[in-house]
Amino acid sequence: MAGATAYAAGTDSRAGISADGAASTGNTGNVDEVYQGRRIQITPATGGAHHGGHHSAGLPAVRIDGRELHVMQNADGTWISVVNHYETFSDPLSLARAAVRELQGAALVPMGGM
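Here the structure is a predicted model, which is why all the values come from computation and not from measurement. (Residues numbered from 1 in each chain as written. Predicted model: local features only at pLDDT ≥ 70, side-chain atom pairs only at ≥ 80, totals over all residues. Heavy atoms only, no water.)

**Some details on the overall build of the chain**
Defined as follows: Here a strand is any run of E in DSSP of at least two residues, a helix any run of H or I of at least four, and the numbering for each starts at the N terminus. Working definition: with a 1.4 Å probe on protein chains only, accessible area under 20% of the residue-type maximum means buried, over 50% means exposed, and in between means partly exposed. Between two residues, a contact is recorded if the distance between any of their heavy atoms is within 4.5 Å. Each accessible area value is a Shrake-Rupley result obtained with a 1.4 Å probe; residue values ignore everything except the protein chains displayed when judging cover.
Helices and strands together make up the secondary structure of the chain, namely one helix and eight strands. Sorting the 114 residues of the chain into buried and exposed places 35% on the buried side. Pairs at least 24 residues apart make up 39% of the contacts formed inside the chain by residues separated by at least 6 positions. Here the chain displays about 6300 Å² of accessible surface, and carbon together with sulfur accounts for 50% of that area.

**A closer look at helix α1 (residues 92-103)**
Because the α-helix completes a turn every 3.6 residues, residues three or four places apart line up on one side. Keep this limit in mind: To estimate how far a helix should extend, the number of its residues minus one is multiplied by 1.5 Å. Whenever a nitrogen or oxygen atom comes within 3.5 Å of another N or O atom, the pair is scored as a polar contact, on the condition that within protein one atom can donate a hydrogen and the other can accept it, and that pairs from neighbouring residues in sequence are kept only if both atoms are in side chains.
With 12 residues, α1 should cover 16 Å at 1.5 Å per step; its first-to-last C-alpha distance of 16 Å lies within 8% of that length. With respect to burial, α1 is a largely interior element, nine of its 12 residues being buried. Residues of α1 that are buried: Pro92, Leu93, Leu95, Ala96, Arg97, Ala98, Ala99, Val100 and Leu103. Lining the buried residues of α1 we find β3 (31-35), β4 (38-43), β5 (61-64), β6 (67-69), β7 (71-73) and β8 (79-81). The opening residue of α1 is aspartate 91, an N-cap whose side-chain oxygen sits 3.1 Å from the backbone nitrogen of leucine 93. Looking one or two places after α1, you find glutamine 104, whose phi comes out positive at around 50°.

**A word on the pattern of salt bridges**
This is how it is decided: Put simply, a salt bridge is a Lys or Arg side-chain nitrogen that is within 4 Å of an Asp or Glu carboxyl oxygen.
Under the criterion given, the structure shown has three salt bridges. Measuring nitrogen to oxygen at the nearest pair gives 2.9 Å for the salt bridge that ties glutamate 33 to arginine 97. Note that glutamate 33 is positioned in strand β3 and arginine 97 in helix α1, a separation of 64 residues in sequence. Like glutamate 33, the residue arginine 97 is buried in the burial classification. Note that arginine 38 and aspartate 65 form a salt bridge whose closest N and O atoms lie 2.4 Å from each other. Placement of arginine 38 in strand β4 and of aspartate 65 in the loop between β5 and β6 is noted, with a sequence separation of 27 residues between them.

**Some words on unusual backbone geometry**
Despite not being glycine, glutamine 36 shows a phi value in the positive range, around 50°. Tracing the backbone shows glutamine 36 in the loop between β3 and β4. Judged by its relative accessible area of 43%, glutamine 36 is partly exposed. Despite not being glycine, aspartate 65 has its phi angle at roughly 55°, a positive value.

**Digging into the side chain of serine 81**
By the secondary structure assignment, serine 81 is in strand β8. Of the polar contacts made by the side chain of serine 81, one reaches the backbone nitrogen of asparagine 84; its length is 3.1 Å.

**Quick word on the sheet that holds β4**
In plain terms, the rule: Between any two strands, at least two bridges found by DSSP are needed for them to pair. The angle between two axes is taken between their N-to-C directions and runs from 0 to 180 degrees, where each axis is a line fitted to C-alpha atoms and a helix contributes only its stretch in contact.
If you trace the four strands from one edge of the open sheet to the other, you get β3-β4-β5-β6, paired in antiparallel fashion. With partners counted over all chains shown, the strands left at the sheet margins are β3 and β6, one partner each. Going across the sheet, the axis of each strand differs from the next one's by a mean of 25°, ignoring polarity. Direction of pairing for β5 relative to β6: antiparallel, over a ladder of three bridges. Its bridge partner lying in β6, isoleucine 64 is registered against arginine 67. Here α1 sits on the sheet and contacts β3, β4, β5 and β6; the angle it forms with β4, its principal contact strand, is near 155°.

Have a look at this one:
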């Protein structure tokens with residue numbers, strides 16, 4: 001990760017491994033890191049739907065530079081987002097990093113009209 005500075009609370013953000021050595025799914029704790037100059041924040045699910053109910057209860061909140069990235073978990077446990085809708089990821093952190101790369105510096109635009 002040339003040029004990337006990372007800080008992840010409770011996780012080793014380079015490998016997606018939690019402090020106790022388990023694979024990180026993003027559902028067990030907070031992530032707050034800077035990746036390629038963009039701030040990624042992932043917070044655990046709070047138990048209820050939000051933003052008018054377009055998220056299912058139990059999904060973590062994923063933000064890039066403070067703007068929500070709409071994420072979905074597939075039946076097989078993989079993750080997709082509106083930025084990478086046809087590419088699956090093993091966890092929300094991998095998904096968020098891929099979205100940062102795909103955005104190429106562009107701002108994440110909120111979804112509207114749903």
